[in-house]
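Summary of structural features
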Amino acid sequence: MSTELMQSLAREKIVAIMRGYTLEQTDAAAKALADGGIVFLEVTLNTDGALRTISHLREKYGGRMRIGAGTVLDLGQAKQALAAGAEYLISPNLDEEVVGYGIQQGVEVWPGAMTPTEIVRAYKAGASAVKLFPMAALGFDYFKEIRAPLNRIPMIPTGGVNLHNIRAFLDAGAVAVGIGGSLVDHRCVKEGKYSVITNTAQSFVAEVQGTVQA
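Fair warning: this is a prediction, and the values are worked out from it, not measured in the lab.

1. Remarks on the packing of helix α3 (residues 50–61) against helix α4 (residues 75–84)
At a minimum axis separation of 8 Å, α3 and α4 run at an interaxial angle of 30 degrees. Judged by the sense of rotation from one axis to the other, the crossing of α3 with α4 is right-handed. Of α4, the residues touching α3 (which contributes Leu51, Ile54 and Ser55) are Gln80, Ala81 and Ala84. Tallied by class, residues from the contact of α3 with α4 come to four nonpolar, two polar and no charged.

2. Quick look at the packing of helix α2 (residues 23–35) against helix α11 (residues 194–209)
Orientation of α2 relative to α11, taken along the N-to-C sense of each, is 40 degrees, at an axis distance of 7 Å. Classified by the angle their axes make, α2 and α11 are oblique. Two packed elements cross with a definite hand, and for α2 against α11 that hand is right-handed. Across from Gln25, Ala28, Ala29, Ala32, Leu33 and Asp35 in α2, the residues of α11 making contact are Tyr194, Ile197, Thr198, Ala201 and Gln202. Of the residues that constitute the contact of α2 with α11, the class distribution is seven nonpolar, three polar and one charged.

3. Description of the packing of aromatic side chains
The full count for this structure, using the stated rule, is five aromatic pairs. Aromatic side chains phenylalanine 140 and phenylalanine 169 sit 5.1 Å apart centroid to centroid with 90 degrees between the ring planes, which places their arrangement in the edge-to-face category. One end of the pair, phenylalanine 140, is in helix α8 (residues 140–147); the other, phenylalanine 169, is in helix α9 (residues 166–171), with 29 residues separating them in the sequence. Among the residues examined, phenylalanine 140 registers a relative accessible area of 26% and is labelled partly exposed. Phenylalanine 169 sits in the buried class, given a relative accessible area of 2%. Taken together through their ring pairs, the aromatic side chains of Phe40, Tyr88 and Trp110 make up a single cluster. When the ring centre of phenylalanine 133 is taken as origin, the NZ or CZ atom of lysine 131, which lies over that ring, is 4.8 Å away.

4. Here's the deal with the pattern of salt bridges
Per the counting criterion, the structure on display carries 10 salt bridges. As a salt-bridge pair, glutamate 207 and arginine 167 come within 3.5 Å of each other at their nearest N and O atoms. With glutamate 207 in helix α11 and arginine 167 in helix α9, this pair connects stretches of sequence that are 40 residues apart. Taken together, the shared-partner salt bridges in this structure form one network comprising Glu4, Arg58, Arg66 and Glu87.

Conventions adopted
Residues numbered from 1 in each chain as written. Predicted model: local features only at pLDDT ≥ 70, side-chain atom pairs only at ≥ 80, totals over all residues. Heavy atoms only, no water. Axes fitted to C-alpha atoms, helices over the stretch in contact; angles between N-to-C directions. Helix = DSSP H or I, 4+ residues; strand = E, 2+ residues; numbered from the N terminus. Left-handed = near helix turned anticlockwise from the far one by under 90°. Contact = heavy atoms within 4.5 Å. Nonpolar A, V, L, I, M, F, W, Y, C, P; charged D, E, K, R; others polar. Parallel < 35°, antiparallel > 145°, perpendicular 65-115°, else oblique. Phe/Tyr/Trp six-rings, centres within 6.5 Å; stacked < 30°, edge-to-face > 60°. Buried < 20%, exposed > 50% of the residue type's maximum accessible area, 1.4 Å probe, protein only. Lys NZ or Arg CZ within 6 Å of the ring centre and 35° of its normal. Salt bridge = Lys/Arg side-chain N within 4 Å of Asp/Glu carboxyl O.

So far we have only geometry, and geometry alone does not tell us how the molecule works.
Written as structure tokens, this is what we have:
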């Protein structure tokens, strides 16, 4: 974890995930999250207008937030995401071409993996961290068990992480966690209740500050 971005990730420990929102909604939610202390924000590429949104967020919040692209499935999408200004790439899958491209471009790639074989393969391919997914289905016990033999590999559990269990994941060795709806409530975004999102973000940040530092 020698890069500045990875050091920042290890310090901040939360990656907020935005999927399926308009540019205007994502912009407002990004401000709400930043006001609540969230730094890392991932916009998934299966969101309409995702590339435009990433460019907009980098321009507007680049001094406050680290903006990345999520659901990067292949090399073509990786190239588009970096051209749009993404600072890092996150995938639900492992594509060695994407990892290799990230290394070539000096950009962090955090591919998705589930099994020990996939996790080690992703790390050996050059990923600086591995997204453990789908965590909601695998559960905390799976993460805790898999950390024992693979504790040297930085992992980002994603899915199923909430305010009640985030500290357990971090204390068990997660370098960071990916959080979607538990942090960015869909109804709040649709109804424009962004102050609720700020309050929720503050609660998550408070929990993170209480964890054992990695």
